[in-house]
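# Fold and contact review
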Amino acid sequence: MTGTGQRSARSRIKSSTDINEDESLRNARINLRNRRNTNRDHSLLRIFNVDIKVMLGFIIFAFLIILFLIHRLVKPDQDAERPRVIRPFPAPKLMDLPIFQGEHKESLYWGTYRPHVYLGIRARTPRSLVAGLMWIGVKDGRYHMRHVCQDSDELSNFLKSKGDGSGYGGDWAIRMHVQNEESRWDNNIQRSGHLFFYLADEDGNALTLSRDILDIHDSSLLATGSQADIGGWQLHLKAMDDLEVHYAGFRTPHIHNLSDLVQENLGAQARVIGRLQLSDTSVNSPNILIFQISARIPFKVDIAFISGTGVKSSRVEERLSSLTGNSLSSLLKEKQGDFDAKFDKCFNMADKVDSESMVVGKAAIANMLGGIGYFYGKSKISVLKNSKLKNHDSFLSYWPAELYTAVPSRPFFPRGFLWDEGFHQLLIWRWDIHICLDILGHWLDLMNIDGWIPREQILGAEALSKVPEEFVPQYPSNGNPPTLFLVLRELVNGIKKNKFTASENNEISSFLERALIRLEAWFQWFNTTQSGKETGSYFWHGRDNTTISELNPKTLSSGLDDYPRASHPNEEEHHLDLRCWMLLAADSLHSIIQVLERGSEHKKDYGSTAKLLSDFGILNQMHFDPAYGAYFDFGNHTEKVRLSWKEIMVGNNYPTRELVREVLERPELRLVPHVGYVSLFPFMEKIIPPDSWILDKQLDLISNRSILWTDYGLRSLAKTSSLYMKRNTEHDPPYWRGTIWMNMNYRILSALHHYTQVDGPYRERAKVIYDELRSNLIRNVVRNYHQTGFLWEQYDQKKGKGKGARLFTGWTALVLLIMAEVYGQT
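Residues numbered from 1 in each chain as written. Predicted model: local features only at pLDDT ≥ 70, side-chain atom pairs only at ≥ 80, totals over all residues. Heavy atoms only, no water.

## Looking at the overall build of the chain
Of the regular secondary structure elements, the chain holds 19 helices and 28 strands. Of the contacts made within the chain by residues no fewer than 6 positions apart, 71% connect residues no fewer than 24 positions apart. Of the roughly 39500 Å² of accessible surface on the chain, a fraction of 50% belongs to carbon and sulfur atoms. (Helix = DSSP H or I, 4+ residues; strand = E, 2+ residues; numbered from the N terminus. Contact = heavy atoms within 4.5 Å. Areas by Shrake-Rupley, 256 points an atom, 1.4 Å probe, with all protein chains shown as cover.)

Pasting the structure below:
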């Protein structure tokens, strides 16, 4: 047999070829023996070396295999032991979709993504170059440092440019125009301005100062450096005015306290030389550079950041020239024209409002977009007291995550809020659908394995520096209104009604395709953890049923904070607003599945849930009071609750007084008789048939001046409520107990507009109320803006004055959609 190759050495028969080979081998052995005799030691050493290399290679290879097997065997156990609340949702991330890569990702690389400061620039990357502005202001005749947002001083314009030779993300430029009203200056204070522009590297990379920094007229170069993603870069300063420039360089991993570093340096210098002047010194390898730019007011300064400077084709001088001086003026004017044209196209308000209102509408969308931030860090998750965790910490850390999001208020709430974001996106998707999808994707990627999303995102040192420690932990038992479904429903309706281009349709559909599994998990989290004992009932978790200080235990998870609920929280209560949010979610999922053409059985589940939650008879049975003609929460409640002063002993028997809750009547399960925004949720969700007498009752509540109506918008709680404008604790003034809020007024207007479009006996009445309410809201917001320069968090129900956080360009910016009469359903 041939080709077997299976012979043993003992049975093998030698062929002629074998004999010849044996002879050759014999001769070779003789030659080798002779060589061994002359060089025996070297041969042995060579063989020994080969054996060692083989053995070492084998050992290393075996070791790597063992490590791999250990990793594969141990990792699942580690994941299993890791608490579920801090395990990411096990599905492909939305931000890995192709629509968020390439040109889209690069176009959003640089931005004013640090909303808590007046001017804060960073890249959408966890460890970024960070730039920003501080300046010396005057208050009560004294100097003070301005850095973190306090109001809306317009000090700069920011421009991005991507041209030939630019590094990744392109170049950017800033124009700072410093001027002041004569009345603001004290005669004893020199009329000069001091700007402090800084550049910091979060990754600790050293920044290099220019040699000619103190003589800015000979060279515009301030600093240089290099980063892996953008390559080499240069920072330049250009100005026509006579400037004085000083600098300081620091090295620290903490950049959220830059203003402290500057003030310490200035203070030390002032004590030595008696001037407001940085020290013109730097530590070795600084990762923070601060440049003081001083001049007589008024003056203008252009600062340009040029990326990709390490290659011959970078054309630095040409690009610098195009981003400063007259070229920058032309570019800014061009961008302003582009903004105005896009504003007209998106909102089409020319014949709907006057010029004063138009100014406010443009400010609303501009500040909303300008307040979009990028954050990176870990959420802090509260741990239940009965947790089986081995350590004794009171919180866990979420996984490191990034978030690209709009913020409610740059001075007061410069971070992500889940329930606010759905309202923000009602505006943003109309301006740029890609930015909207990007933000939605970032939020949904924060979902954990159970389908829960932390409601407030406080990511990174800068965000944490703005929040008291006790408010940082997030509670995994508590939700927040799933308002992202508001915008998702509009996007689906837009697809159905051909409002998007073919390309946009495909992008939205691919987003929904991947998002669906997360949206379903989110719905199921609510449907299981927040469900009540009765079918179709839900209640917000997180209310304190042991409080002795709150007049009515707050419902922070609802977003409506101190809006009155059942006086004694328990699992028997049904919250009307959450039921309506669940209807929105179920109906939206049903529509998404229809658009994606998924299986009918899949679609049927959400359709049946939506049908149940919109069933008018069941809704009325659970939440309607015919005597009031209003919808209410249901729970264990008494109206006989008050706050009373009580003397207590503290410390070394030191007496003090505090307000404590006093219950004068045993609570009982009943409807909670407080008319307000919650009462109108079935109306907002358009559940009420247009021919129902109950719709007429809703219009009565809305239009009655003794209940909800004011000349400035609808108040949050009726004047007839026992808790109207009542403090909830000694130090907790009323919040959602009477003042006017734009997000709820927008939704009520949306419903009124709907009832003006459908046949029914109350159509004309709805139209009259709609027109007057819309006019009142617009007029009051516009008046406040032109008087104060701000959009406000809320508005006083008596005189219409702005209240709460100023510069609240969150959901108050919905006034723009009210002006444009855009409500989503048409």
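## Re the packing of helix α6 (residues 355-370) against helix α18 (residues 763-788)
The N-to-C vectors of α6 and α18 enclose an angle of 80 degrees; their axes lie 10 Å apart at closest approach. Comparing their axes, α18 and α6 come out roughly perpendicular. In this structure, α6 uses E356, S357, V359, V360 and A363 to contact α18, whose residues at the interface are I778, V781, V782, Y785 and H786. (Axes fitted to C-alpha atoms, helices over the stretch in contact; angles between N-to-C directions. Parallel < 35°, antiparallel > 145°, perpendicular 65-115°, else oblique.)

## With respect to the pattern of salt bridges
Pairing between side chains of opposite charge can happen when their charged atoms approach one another. One pass over the structure, following the stated rule, counts 30 salt bridges. Between R765 and D700 there is a salt bridge, with its nearest N and O atoms 2.7 Å apart. Of this pair, R765 sits in helix α18 while D700 sits in helix α16 (residues 693-703), and the two are 65 residues apart along the sequence. By relative accessible area, which is 30% here, D700 ends up partly exposed. Each of R489, E685 and R747 takes part in salt bridges that share partners, so that together they form one network. (Salt bridge = Lys/Arg side-chain N within 4 Å of Asp/Glu carboxyl O. Buried < 20%, exposed > 50% of the residue type's maximum accessible area, 1.4 Å probe, protein only.)

## Side note on the packing of helix α10 (residues 484-496) against helix α11 (residues 502-529)
At a closest axis distance of 12 Å, the pairing of α10 and α11 adopts a crossing angle of 140 degrees. In terms of orientation, α10 and α11 fall into the oblique class. Classified by chirality, the crossing of α11 by α10 is left-handed. Between α10 and α11, the residues in contact are L484, F485, L488, L491, V492 and I495 and N505, I508, S509, F511, L512, L519 and W522, respectively. Split into classes, the residues belonging to the contact of α10 with α11 amount to eleven nonpolar, two polar and no charged. (Left-handed = near helix turned anticlockwise from the far one by under 90°. Nonpolar A, V, L, I, M, F, W, Y, C, P; charged D, E, K, R; others polar.)

## Here we look at the confidence of the model for the chain
Segments scoring low in pLDDT should not have their predicted coordinates read at a detailed level. Here the chain averages 87 in pLDDT, while 86% of its residues score no lower than 70. Overall, residues 1-50 carries pLDDT values under 50, and its contacts beyond four positions in sequence, including any with other chains, amount to six contacts. Low pLDDT, under 50, characterises residues 183-188; the predicted model gives this stretch six contacts beyond four residues in sequence or across chains. (pLDDT = per-residue confidence, 0-100.)

## Considering the side chain of S588
Checked against the element boundaries, S588 lands in helix α12 (residues 576-596). Apart from the residues within four sequence positions on either side, S588 is in contact with F485 and R489.

## Describing the pairing of strand β24 (residues 641-650)
Pairing of β24 with strand β25 (residues 654-663) involves ten bridges; the strand directions are antiparallel. The residue bridging K646 from the neighbouring strand is E658, located in β25. Between the end of β24 and the start of β25, which pair antiparallel, lie three residues, with G651 showing a positive phi angle near 60 degrees. (Pairing = 2+ DSSP bridges.)

## Some thoughts on the nonpolar core
The biggest cluster of nonpolar side chains holds 168 residues, and the ones touching the most others in it are F347, L444, F511, W522, F683, I748 and L752. Those residues in contact with F347 that lie beyond four places of it in its chain are I365, L427, R430, W431, L816, L817 and A820. In terms of nonpolar packing, the next biggest core, distinct from the first, is built from 38 residues, V178, W233, L235 and A295 among them. (Core = buried A, V, L, I, M, F, W, Y, C linked by side-chain atoms within 4.5 Å.)

## Observations regarding a positive patch on the surface
Residues K719, K798, K799 and K801 make up a contiguous surface patch of positive charge. Here K799 is to be found in the loop between β27 (792-795) and β28 (802-806). Given a relative accessible area of 64%, K799 falls into the exposed group. (Patch = residues over 30% accessible without salt bridge, like charges linked within 9 Å, V, L, I, M, F, W, Y side chains within 5 Å. Lys, Arg positive; Asp, Glu negative; His and termini not counted. Charge placed at Lys NZ, Arg CZ, Asp CG, Glu CD.)

## Describing the environment of N287
By the secondary structure assignment, N287 is in the loop between β12 (281-282) and β13 (288-296). Using a relative accessible area of 3% as the deciding quantity, one classes N287 as buried. Through-space distance from the C-alpha of N287 to that of G204 is 5.4 Å; in sequence the pair is 83 residues apart. Excluding residues within four positions of it along the chain, N287 makes contact with L199, A200, D201, G204, N205, L207, F250, R251 and T252.

## A short note on α6
With 16 residues, α6 should cover 22 Å at 1.5 Å per step; its first-to-last C-alpha distance of 22 Å lies within 8% of that length. For α6, the set of buried residues is S357, M358, V360, G361, A363, A364, I365 and M368. Among the structural elements, α5 (325-347), α7 (418-431), α18 and α19 (815-820) are those in contact with the buried residues of α6. (Expected span 1.5 Å × (residues − 1).)

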